[in-house]
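Notes for the structure review
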Amino acid sequence: MSSDPSAPTPLPAPAPALTAVEIAKASTEKMAENPKRYFWRLLGYILPYKKRLIFGILAGVAAGVSNGILLLVLKSVFTIVLPVGAGEVRPEVYYPFADIPVLTNFEIRRPDIAEWIFVLIVCLSIPTLLLIRALFQFIHQYMMLWINLNVVHELRRQCFGNVMRQSLSFFNVIKQGDLIQTVSSQTNSAAAASSQLLSALIQNPISIISIFAMVLIMDPLYTLGAVVIFPLCLAPVILIARKVRKAGGKEEEAAGGQLVTMHESFSGVRLIKAQGREQYQTDRFVEGSLRLNRFVMRSRKAVELATPAVEVVGSIGISIGMLYAWKSQINPETFLTLNLGLMSIYPHVKALSRVQLQMHKCAVAARKVFGFIDATPEVDDKPDAVVLERCRGDIALHDVVFSYVPERRALDGVSLHFEAGKRYALVGHSGSGKSSLLSLILRFYDVDSGRIEVDGLDIRDYTQQSLRDQIGLVSQDTFLFHDTIEANIRFGLLGADREQIERAARLAHAHEFILAQPQGYETVLGDKGCTLSGGQQQRLSIARAILRDAPILFLDEATSALDSESERAIQSALAELSKGKTVVSIAHRLSTVLDSDEIVVLGEGKVIDVAPHATLLERCPEYQRLYQLQYSQS
Ligand SMILES: Nc1ncnc2c1ncn2[C@@H]1O[C@H](COP(=O)(O)OP(=O)(O)OP(=O)(O)O)[C@@H](O)[C@H]1O
Ligand SMILES: [Mg+2]
């Protein structure tokens, strides 16, 4: 959105009591509480487009008023045209609005032209007015859509941006399908509903008032009679709206569930195939799809019932009206116009009756969207955080305690010192806290107590970005984007040129297999890197880390997916690369870390011992067990 630099400044946010995670999990009913304040906040997003808004509203008002004028035109056309059909002689002067007090003397004089031309011109006034009304209507819709799209864009931008800022603990608990639904479609629902609401609340009342005023003046008694019958027409609509509302909320929920199933099925396709669970997943999907259909059907059924119900009740009203017309000898053109007018009120009333439903939908969606926009990440930069320039790579942990879930400590009183430029290894059983330790230094999570220092300063005093810029990470699970191989490596250092990328790929022993791909470095990888083997994917992620050339290097099982030969080759490349860097590697295969300066033995979140290989082998029983376990295996 480029046109408005003073991008929407939302009204002061009603601080939600729920965290982003809670909002993501909350039910539709809970979400719909206090809908008005979300509507007000959405208005704050619309207000920056004041000029267009006013213009759009004026066009809407004009379109509404032209409904009333249309009735007047119709009446004068009837007055001029209908008597001919009745075999009357055409008078020279017409008083079409003789029954409307203020317009009693309004006259249409027949000009000196052929009669049929005159009648044709009179008749053409209807399409002309409809054209004008359509034009206003178009401007109104256009402006509203324009505003709507800009609001959607702004909501999406804020929502996605803030979701990306959230810490890993948020992503650990949230379902990705839900997240996608909120960012892509709930933003849409919120914005669309709000601008539709605005439109409905402006245009419909004006149309209703202008039409109603006309018919009331023409025949007060008839109109008032209709007013009595009208609520009867609305009764079914009101009853039905209640049903629609319930089904509507469930519909959104079911649609979200569908997205979650789809997302999990597609991203977990390897597992599904390996376990032969294609049918199982398909059944789950089909079940969800049917559920969704049931809710859609329920709300549609109600909506579709509304129209015939109203027509039947309305036609009874018209029958009574006929009786009245016969009794009071009302003239045909007035009768026609009255009924046309009263009937044309209906769609506007119907639209107004939908307002509550829309508000509900809007509130549910807005609540979720604003929840994500307002959520503060658990790990956040301090206001006065400093930028960590190229660091030495000295890392110290002081009595660090950390747990993912309250009861179980993943790290328990860990104190360690990784000196700059040395190579360390973390060993220990699965679940002993090795990866967690690296995550803490990367500040994916904040410690519960104790502190971590890099170059002598608490990492919470640095900006997260600058801290992570100093760390190259090859993690346990490789992730590749659906993009070219080149772009995937460049992700480590966005400004890198082709030469640097190739150099990194060579060091990671990836250059050869990359060239063997159909388009070399330009080959686009399938989703999740399907076209590469596990080892090849790992080498790409090593190349990424090499390219980053950061003073600290974390290798979490970096070579686990490689065969011994390429592992040895990469080990030597990594050894070359890690000169002068602080390296912390995690490896299940002890052979790859034997030459580390120091090896840290972890057990159940505690440091058991720290020493070089030979010393550990002598004095640490836990290490001896690990070592023997591997020795006996090989
Ligand atoms: N995202 C998470 N949420 C909750 N608990 C977690 C999470 N990640 C790890 N844990 C728990 O924290 C403990 C330490 O896990 P961690 O991943 O650090 O082990 P690890 O030593 O790296 O194991 P491995 O060798 O299998 O990779 C484990 O008990 C694990 O269950
Ligand atoms: Mg791990």
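Cut-off values and rules
- Residues numbered from 1 in each chain as written.
- Chains lettered and ligands numbered in written order.
- Predicted model: local features only at pLDDT ≥ 70, side-chain atom pairs only at ≥ 80, totals over all residues.
- Pairing = 2+ DSSP bridges.
- Helix = DSSP H or I, 4+ residues; strand = E, 2+ residues; numbered from the N terminus.
- Axes fitted to C-alpha atoms, helices over the stretch in contact; angles between N-to-C directions.
- Contact = placed C-beta atoms within 7 Å.
- Near = placed C-beta within 6 Å.
- Nonpolar A, V, L, I, M, F, W, Y, C, P; charged D, E, K, R; others polar.
- Buried ≥ 20, exposed ≤ 12 C-beta atoms within 10 Å, placed from the backbone.
- Core = buried A, V, L, I, M, F, W, Y, C linked by C-beta atoms within 7 Å.
- Expected span 1.5 Å × (residues − 1).
- Arc of directions from axis to C-beta.
- Parallel < 35°, antiparallel > 145°, perpendicular 65-115°, else oblique.
- Left-handed = near helix turned anticlockwise from the far one by under 90°.

As a further point, take the sheet that holds strand β10 (residues 582-586). Taken in spatial order, the six strands make up an open sheet running β8-β9-β10-β5-β11-β12, and their pairing is mixed. Across the chains shown, the open sheet's two edge strands, defined by having one partner strand only, are β8 (471-474) and β12 (606-611). Between one strand axis and the next, the sheet turns through 15° on average, direction left out of account. Against the sheet, helix α18 (residues 534-548) contacts β8 and β9 (552-556), and its axis sits at roughly 175° relative to β8.

Let us look at the environment of Q571. Tracing the sequence through the fold places Q571 in helix α19 (residues 564-577). Those residues in contact with Q571 that sit more than four places away from it in its chain are T559 and T592.

Of all residues adjacent to ligand 1, which total 13 residues, the nearest are Y404, S430, K434, S435 and S436. The element contributing the most residues to the shell around ligand 1 is helix α13 (residues 434-441), with three residues. Of the residues assigned to the shell around ligand 1, the class counts are three nonpolar, nine polar and one charged.

Spatial strand order, β4-β3-β6-β7: four strands in an open sheet with antiparallel pairing. Bordering the open sheet on either side are β4 (411-418) and β7 (457-458), each of which pairs with just one other strand. For strand β3 (residues 395-402) and strand β6 (residues 449-454), the ladder comprises five bridges, and the chain directions are antiparallel. Bridge assignment links L397 to a residue of β6, and that residue is I452.

Within the secondary structure layout, I272 lies in helix α9 (residues 269-274). Residues I272 and I599 lie 327 residues apart in sequence; the distance between their C-alpha atoms is 39 Å. In this structure, I272 is in contact with S265, R277, E278 and Q281, ignoring residues within four places of it in sequence.

What follows is about the pairing of β8. Of the two faces of β8, both are covered, the one formed by I471 and L473 as well as the one formed by G472 and V474. Across four bridges, the pairing between β8 and β9 is parallel. The residue bridging I471 from the neighbouring strand is I552, located in β9.

Ranked by internal contacts, the top residues of the largest apolar core, which has 70 residues, are A504, A508, A543, I546 and V600. With six residues, the top contributor of residues to this core is α18. Those residues within four positions of A504 in sequence are excluded, and the remaining contacts are I489, A543, I546 and L547. Core analysis: the second largest hydrophobic core is formed by 34 residues, Y45, C159, L179 and V369 among them.

All right, on to the environment of N339 then. With respect to the helices and strands, N339 occurs in helix α11 (residues 332-353). Residues N339 and L437, 98 residues apart in the sequence, show an inter-C-alpha distance of 78 Å. With residues up to four places along the chain from it excluded, the contact list for N339 reads I318 and G321.

What follows deals with the pairing of strand β11 (residues 598-603). Judged from the five bridges that link them, strand β5 (residues 423-428) and β11 form a sheet pairing that is parallel. Residue V427 lies in a different strand from β11, and its bridge partner there is V601. With five bridges connecting them, β11 and β12 associate as antiparallel partners. Counted as the bridge partner of G603 is K606 from β12. Between β11 and β12, which pair antiparallel in sequence order, lie two residues; one of them, E604, sits at a positive phi of approximately 45°.

This paragraph deals with unusual backbone geometry. A positive phi angle is found at H509, which is not glycine, with a value near 55°. As for its placement among the helices and strands, H509 is situated in the loop between α16 (498-507) and α17 (511-516). Within the chain, E604 stands out as a residue other than glycine whose phi angle is a positive 45°. Under the C-beta neighbour-count criterion, E604 is labelled partly exposed, with 15 such atoms within 10 Å.

Right, let's get into α19. In an α-helix there are 3.6 residues to a turn, and that puts residues three or four apart on one side. If you check α19, its first and last C-alpha atoms are 19 Å apart, about what 14 residues at 1.5 Å a residue would give, namely 20 Å. For α19, every residue scored as buried is listed here: E567, I570, L574 and L577. For α19, the arc enclosing every buried residue in end-on projection is 80°, short of the 170-degree limit, so these residues lie on one face. Among the exposed residues of α19, those pointing more than 90 degrees away from its buried face are S564, E565, S572, A575 and E576. Tucked into the core, α19 has its buried residues touching α16 and α18.

On to the packing of helix α5 (residues 115-165) against helix α12 (residues 355-374), then. Close contact between α5 and α12 brings their axes to 7 Å; oriented N to C, the two are set at 50°. The angle between the axes of α5 and α12 places the two elements in the oblique class. In terms of crossing hand, the pair formed by α5 and α12 is left-handed. In this structure, α5 uses L155, Q158, C159, N162 and V163 to contact α12, whose residues at the interface are V369, F372 and I373. For the contact of α5 with α12, the residue count by class is six nonpolar, two polar and no charged.

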